[in-house]
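# Analysis of the macromolecular model
Below are the chains, spelled out letter by letter.
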Amino acid sequence: MDFRLTEDQRDLRAGIRDLLAGRYGREALRESVRASESSGAVSSGVVSSGAVVDRRLWRELGEAGFFSLRLPESEGGVGLGLPEAVLVFEEAGRALLPGPLVATHLAAGAVPGAASGSAVVTAFDLGGPLVAYLGEADAVLGAEGLPAGEPVRSVDPLTPLWRSSGVLPSGYREAGALLTAALQLGSALRTVELAVRYAGEREQFGQPIGGFQAVKHLCARMLVRAEVARTAVYAAAVTGDAAEIAAAKLLADEAAVRGARDCLQVHGGMGFTWEADVHLHLKRAWVRAEQWHTAPEAEELLAARLGAEAEEEAVAEAEAAAMG
């Protein structure tokens, strides 16, 4: 099976990267964090309904086909598949774009305004009575009307969480897990870039810290985890297999969380300051690791698949021996 990107896929990825670089670059990210603080979105560690989603950018994403990418052309969509969606979401993860991207994408064609970006749609994807961006959402995937809720503590200043009641409708979890894995992958690849760049710029004892073996090893491990995750995510996007999607989510979560931690270590104390973006990647990675497929859920799914395959193999061997 050929997993190499086509020219059209490379152009798609480049196009969304250019769009996000122009509309949600580093300064826009920093402004989002400042706005969430100044508006009262972060107070005593509790994130409330301060605006995080840029409605104008949301509509621009809709016009660019971000949310309607997999919607059939006959329904006004772009008519592409999961592999292309993964590339687009990877770039959104790299830019730390906030908002219920996955839920709105999945809602295209089911919730009015989701495909065009005129509606913000969230979902109960956190495996419990929590929902992100409820205060800014126009709809909740699979629910009638907006449920009531109260803001709760969130580690990520750009992912406000609310306690509410509801469940995620069946049929969305696998695609949601894969697209969330793609977001994690983009973040992991970005932290590799940040670590390598800082290691080449920061000097100690008269030389860049990237020349020290310990720092080299940190960056190398980050790259290996990110590339392994990339392979798993891309492969799962092609096959659509539930177990492969679970494995991709596990690997992408690990690459994003551990990569951000290692990037923090490369940066030293600077990484924990508001002047750096590294801690934002770590906080977002922590939240995403609890979305769609948590590690225990993915591990259970993989264990069940492996057990079933082992049982089938044992039965086949027994039948072969009996016929032998």
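The notes below deal with the structure included here.

How each quantity is defined
Residues numbered from 1 in each chain as written. Predicted model: local features only at pLDDT ≥ 70, side-chain atom pairs only at ≥ 80, totals over all residues. Heavy atoms only, no water. Helix = DSSP H or I, 4+ residues; strand = E, 2+ residues; numbered from the N terminus. Rg over C-alpha atoms; globule rule 2.2 N^0.38 Å. Buried < 20%, exposed > 50% of the residue type's maximum accessible area, 1.4 Å probe, protein only. Contact = heavy atoms within 4.5 Å. Areas by Shrake-Rupley, 256 points an atom, 1.4 Å probe, with all protein chains shown as cover. Lys, Arg positive; Asp, Glu negative; His and termini not counted. Charge placed at Lys NZ, Arg CZ, Asp CG, Glu CD. Pairing = 2+ DSSP bridges. Axes fitted to C-alpha atoms, helices over the stretch in contact; angles between N-to-C directions. Phe/Tyr/Trp six-rings, centres within 6.5 Å; stacked < 30°, edge-to-face > 60°. Expected span 1.5 Å × (residues − 1). Core = buried A, V, L, I, M, F, W, Y, C linked by side-chain atoms within 4.5 Å. Salt bridge = Lys/Arg side-chain N within 4 Å of Asp/Glu carboxyl O. Parallel < 35°, antiparallel > 145°, perpendicular 65-115°, else oblique. Left-handed = near helix turned anticlockwise from the far one by under 90°. Nonpolar A, V, L, I, M, F, W, Y, C, P; charged D, E, K, R; others polar. Polar contact = N/O pair within 3.5 Å; in protein donor to acceptor, adjacent residues only side chain to side chain.

## Considering the overall build of the protein chain
- On a plain count of helices and strands, the protein chain comes out with 10 helices and nine strands.
- By the compact-globule yardstick of 20 Å for 324 residues, the protein chain fits well, its C-alpha radius of gyration being 21 Å.
- The buried share of the protein chain, reckoned over its 324 residues, is 48%.
- Long-range pairs, those at least 24 residues apart, make up 70% of the contacts in the protein chain between residues at least 6 apart in sequence.
- If you sum the accessible surface of the protein chain, you get close to 15000 Å²; carbon and sulfur atoms cover 53% of it.
- Here the protein chain contributes 30 positive and 44 negative side-chain charges, whose respective centroids are spaced 9 Å apart.

## Describing the side chain of S32
- Structurally, the position occupied by S32 is in helix 2 (residues 26-38).
- Contacts of S32, omitting those with residues within four sequence positions, involve Y24 and L158.

## Side note on the sheet that holds strand 7 (residues 161-163)
- In space, the three strands of this open sheet follow the order 4-7-6, with antiparallel pairing throughout. For this open sheet the edge positions go to strand 4 (130-132) and strand 6 (150-152), each flanked by a neighbour on one side alone. Put simply, the sheet's adjacent strands are angled 45° from each other on average, direction ignored.

## Here we look at the packing of aromatic side chains
- Using the criterion set out here, one finds four aromatic pairs in the structure.
- Between F66 and F67 the ring centres are 5.2 Å apart and the planes differ by 70°, which places this aromatic pair in the edge-to-face class. Neither F66 nor F67 differs from the other in exposure class; each is buried.
- Ring plane angle 45° and centroid distance 4.9 Å describe the contact between F66 and F89, whose orientation is recorded as tilted. Remark: F89 occurs in helix 4 (residues 82-94) and F66 occurs in the loop between helix 3 (55-63) and helix 4; sequence separation between them is 23 residues.

## As for helix 1 (residues 7-23)
- In this model, helix 1 (17 residues) spans 24 Å end to end at C-alpha, consistent with the 24 Å of a helix rising 1.5 Å per residue.
- Its buried side turned inward, helix 1 meets helix 3 and helix 4.

## Description of the nonpolar core
- Core analysis: the largest hydrophobic core is formed by 86 residues, its most contacted members being L61, F66, F89, L101, V233 and V266.
- Residue contributions to this core peak at 15 residues, all from helix 6 (residues 173-201).
- Residues contacting F66, with those up to four places away along its chain left out, are I16, L61, V88, F89, A92, L101 and H105.
- Core analysis: the next-biggest nonpolar cluster, separate from the first, contains five residues, F124, V131, V140 and W162 among them.

## Description of the pattern of salt bridges
- Scanning the model with the defined rule gives 18 salt bridges in all.
- One salt bridge connects R55 with D138, and the closest N-O pair in it is separated by 2.7 Å. Of this pair, R55 sits in helix 3 while D138 sits in the loop between strand 4 and strand 5 (139-140), placing them 83 residues apart in sequence.
- Looking at D138, the relative accessible area reads 40%, which means it is partly exposed.
- In this structure, R94 engages E193 in a salt bridge whose closest nitrogen and oxygen atoms are separated by 2.9 Å. A residue pair is termed long-range when its members are at least 10 positions apart, and R94 in helix 4 and E193 in helix 6 qualify at 99 residues.
- Here R94 falls in the partly exposed class, since its relative accessible area comes to 21%.
- Connected through salt bridges with shared partners, the residues R23, D54, R56 and E60 form a single ionic network.

## Comments concerning the packing of helix 1 against helix 4
- Two elements in contact, helix 1 and helix 4, have axes whose closest approach is 9 Å; the angle formed by their N-to-C orientations is 30°. Viewed along their axes, helix 1 and helix 4 adopt a mutual orientation that is roughly parallel. Two packed elements cross with a definite hand, and for helix 1 against helix 4 that hand is right-handed. Together, Q9, L12, R13, I16, R17 and L20 of helix 1 and P83, E84, L87, V88, E90, E91, A92 and R94 of helix 4 make up the contact between the two elements.
- Classifying every residue of the contact of helix 1 with helix 4 by side-chain character gives seven nonpolar, one polar and six charged.

## Regarding the side chain of H105
- Locating H105 in the fold gives a position in helix 5 (residues 101-107).
- Side chain to side chain, H105 and R70 meet in a polar contact 3.0 Å long.
- Leave out the neighbours within four places in its chain, and H105 touches F66, F67, L69, R70, A85, F89 and L179.

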